[in-house]
Amino acid sequence: MPPNRPSVLKTFLGKITRNLSLDRYELLNAKKRNGGQMPLIFDEIQECIPSLDSTENIVEEIALTDILNRFLSSLSLEQRKIFMRRYWYLSPIKEIATEYDMSESKIKMSLFRSRNELKKLLEKEGISV
């Protein structure tokens, strides 16, 4: 507690919580802590996702969502978990490998094959990549 008693304790505690949260966010998102994973992840998946110009209208967005859902359901449970951990939760390959008790090279190969399958499916459906 500060030397003077705050007039509204709830506001005082809220401010402390907000500041701690912001500090934690900055700590977790510092460039050194993040290890530069974001650009790497976006580079990996970029070749499989169509450009913004081709998905501008709502109908195409709905079609893309349907294709992605079908693609994910076509993957084995293990492949789907790996794909989602990498491209949805943005987990580092090393972390995924540790969690699933696999080598990093096996995770990389699984992601490579999944991206290729997604790219083929998108091309087959007529969505330019």
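Summary of the structure given here. (Residues numbered from 1 in each chain as written. Predicted model: local features only at pLDDT ≥ 70, side-chain atom pairs only at ≥ 80, totals over all residues. Heavy atoms only, no water.)

### Comments concerning a nonpolar patch on the surface
Point 1. A cluster of nonpolar residues, L13, I16 and L20, forms a patch on the protein surface that exposes about 270 Å² of accessible area.
Point 2. Tracing the chain through its elements places L20 in helix α1 (residues 9–28).
Point 3. Here L20 falls in the exposed class, since its relative accessible area comes to 55%. (Patch = residues over 30% accessible without salt bridge, like charges linked within 9 Å, V, L, I, M, F, W, Y side chains within 5 Å. Areas by Shrake-Rupley, 256 points an atom, 1.4 Å probe, with all protein chains shown as cover. Salt bridge = Lys/Arg side-chain N within 4 Å of Asp/Glu carboxyl O. Helix = DSSP H or I, 4+ residues; strand = E, 2+ residues; numbered from the N terminus. Buried < 20%, exposed > 50% of the residue type's maximum accessible area, 1.4 Å probe, protein only.)

### Some details on the nonpolar core
Point 1. Among the nonpolar cores identified, the biggest contains 20 residues, and F71, I82, F83, Y87, I107, L111 and L122 are the most heavily contacted of them.
Point 2. The set of elements that each furnish at least two residues to this core consists of α3 (37–46), α4 (58–74), α5 (77–87), α6 (93–99) and α7 (104–124).
Point 3. When residues in this core are grouped by element, the largest group, 5 residues, is from α7. (Core = buried A, V, L, I, M, F, W, Y, C linked by side-chain atoms within 4.5 Å.)

### Things to note about the packing of aromatic side chains
Point 1. On inspection of all chains with the given rule, the structure shows 2 aromatic pairs.
Point 2. Residues F71 and F83 carry aromatic rings whose centres are separated by 5.4 Å and whose planes lie at 70° to one another, so their mutual orientation is edge-to-face. Taken together, the residues span a long stretch of sequence, with F71 in helix α4 and F83 in helix α5 at a distance of 12 residues.
Point 3. Assessed through its relative accessible area of 2%, F71 is described here as buried. (Phe/Tyr/Trp six-rings, centres within 6.5 Å; stacked < 30°, edge-to-face > 60°.)

### What to know about unusual backbone geometry
Point 1. The backbone of L90 shows a phi angle near 55°, a positive value even though the residue is not glycine.
Point 2. Here L90 lies in the loop between α5 and α6.
Point 3. Using a relative accessible area of 28% as the deciding quantity, one classes L90 as partly exposed.
Point 4. The phi dihedral of D101 is positive, around 55°, even though this residue is not glycine.

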